[in-house]
Amino acid sequence: MLRLPWARVPVKINDITPVLRQQWSREECETRCKLATAYRLTHLFGWDELIYGHITSRIPGSEHLLINAFGLHYNEITASNLVKIDIAGNVIDPGTSKFSFQQTGYIIHSAIHEQRPDLNTLFHMHSAAGTAVSTAVDKLHPICQNSVYLEPISYHPYRGIIVSESEKEEISRNFVAPSKCLLMRNHGLLTGGCSIEEAFFLMFMFHSVCQVYVNAGFTHRPVPLETVLSEDIIKDSMDAVRAQMNVRGLGVGDFQALCRQLDLAGWETGYPYED
């Protein structure tokens, strides 16, 4: 459920000035607006945890990534204050805030971005339901309709707070194609997508399935075998989804609908709607 913003007049998302538009390409400006919108929506859905968690996105036509400035609340993130870094963790453009990026977020995301060129956007968060399931469940079974979008799910063991680049190899080894959903044990959830819209959509579904687990009591008792969806049902369902899916890709229509709600409320997402 979307939560009402704290401020009566929200800080607009698309705050890119004419001067900045001369510095950044059209593709970068659009990516900045979409990514900042994803951060805002994460807060509005109640998935954020103070200033932690990260969403990164590769700027089209480059190897540069955009990441949040560590220290800003998700409700403060705008298109202009995202930090642009390269895959080695060097700051290319600090954006308009005084904060830099968090090393932990860089390690997790760069490990995957380096090995998964198919995933332009990565979304990692610590929602209450996601963290509960990552702590209590050995394997996330497909038990409801939203589960069909998630298969196959990958798993990564908890080794403590990630601070060393030596951990990148294990992270990338545990999250290989075609998987786009990673359950980080005792930690949280991570999704990847070819677009910001797809990664956000998969996180919505991932979190919702975890919430079903919590609501149904499957964090402290086994899932009945008769409840688990068969592989045939999952395959047939996804075939049906692909047949009906907008040609622009998974999650695009859903993300645009959410952007329209924000625009109507005065948030000025800057989303490049198509006619």
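Refer to the structure printed above.
From a predicted model like this one, the values you see are computed outputs, not experimental measurements. (Residues numbered from 1 in each chain as written. Predicted model: local features only at pLDDT ≥ 70, side-chain atom pairs only at ≥ 80, totals over all residues. Heavy atoms only, no water.)

Draft legend 1. Representation of empty space enclosed by the protein in the model. For the structure on display, the rule yields one cavity of 30 Å³ or more. By volume, the largest cavity is sized at about 40 Å³. Lining the largest cavity, in full, are His156, Pro157, Tyr158, Arg159, Gly160, Ile162, Glu167, Met184, Arg185 and His187. For the lining of the largest cavity, a count of residues per class yields four nonpolar, three polar and three charged. (1 Å grid on protein atoms, 1.4 Å probe; cavity = no way out; pocket = protein on both sides within 12 Å on 5 of 7 lines; lining within 4 Å. Points joined across faces, edges and corners; volume = space filled by probe spheres on them. Nonpolar A, V, L, I, M, F, W, Y, C, P; charged D, E, K, R; others polar.)

Draft legend 2. Representation of the state of the cysteines in the model. A full pass over the atoms with the stated rule returns zero disulfides. Of the cysteine sulfurs around Cys144, a residue in no disulfide, the closest is that of Cys210, at 9.7 Å. Cys210 supplies the cysteine sulfur nearest to Cys181, a cysteine that is in no disulfide, at a spacing of 9.6 Å. On the basis of relative accessible area, Cys181 is assigned to the buried category, the value being 0%. (Disulfide = S-S within 2.5 Å. Buried < 20%, exposed > 50% of the residue type's maximum accessible area, 1.4 Å probe, protein only.)

Draft legend 3. How the structure looks around the sheet that holds strand 2 (residues 65-67). Overall, mixed pairing links the eight strands, which are arranged 4-3-2-1-5-8-7-6 in an open sheet. Of all the strands in the sheet, the pair left with one neighbour each is strand 4 (91-93) and strand 6 (153-156). Taking each pair of neighbouring strands and ignoring which way they run, the sheet shows an average axis angle of 25°. The sheet contact formed by strand 6 and strand 7 (residues 181-184) spans four bridges and is parallel. From the neighbouring strand, His156 faces strand 7, where its bridge partner is Met184. Where helix 2 (residues 26-44) meets the sheet, it contacts strand 1 (54-58), strand 2, strand 3 (83-85) and strand 5 (121-125), and its direction lies at approximately 160° from that of strand 1. (Pairing = 2+ DSSP bridges. Helix = DSSP H or I, 4+ residues; strand = E, 2+ residues; numbered from the N terminus. Axes fitted to C-alpha atoms, helices over the stretch in contact; angles between N-to-C directions. Contact = heavy atoms within 4.5 Å.)

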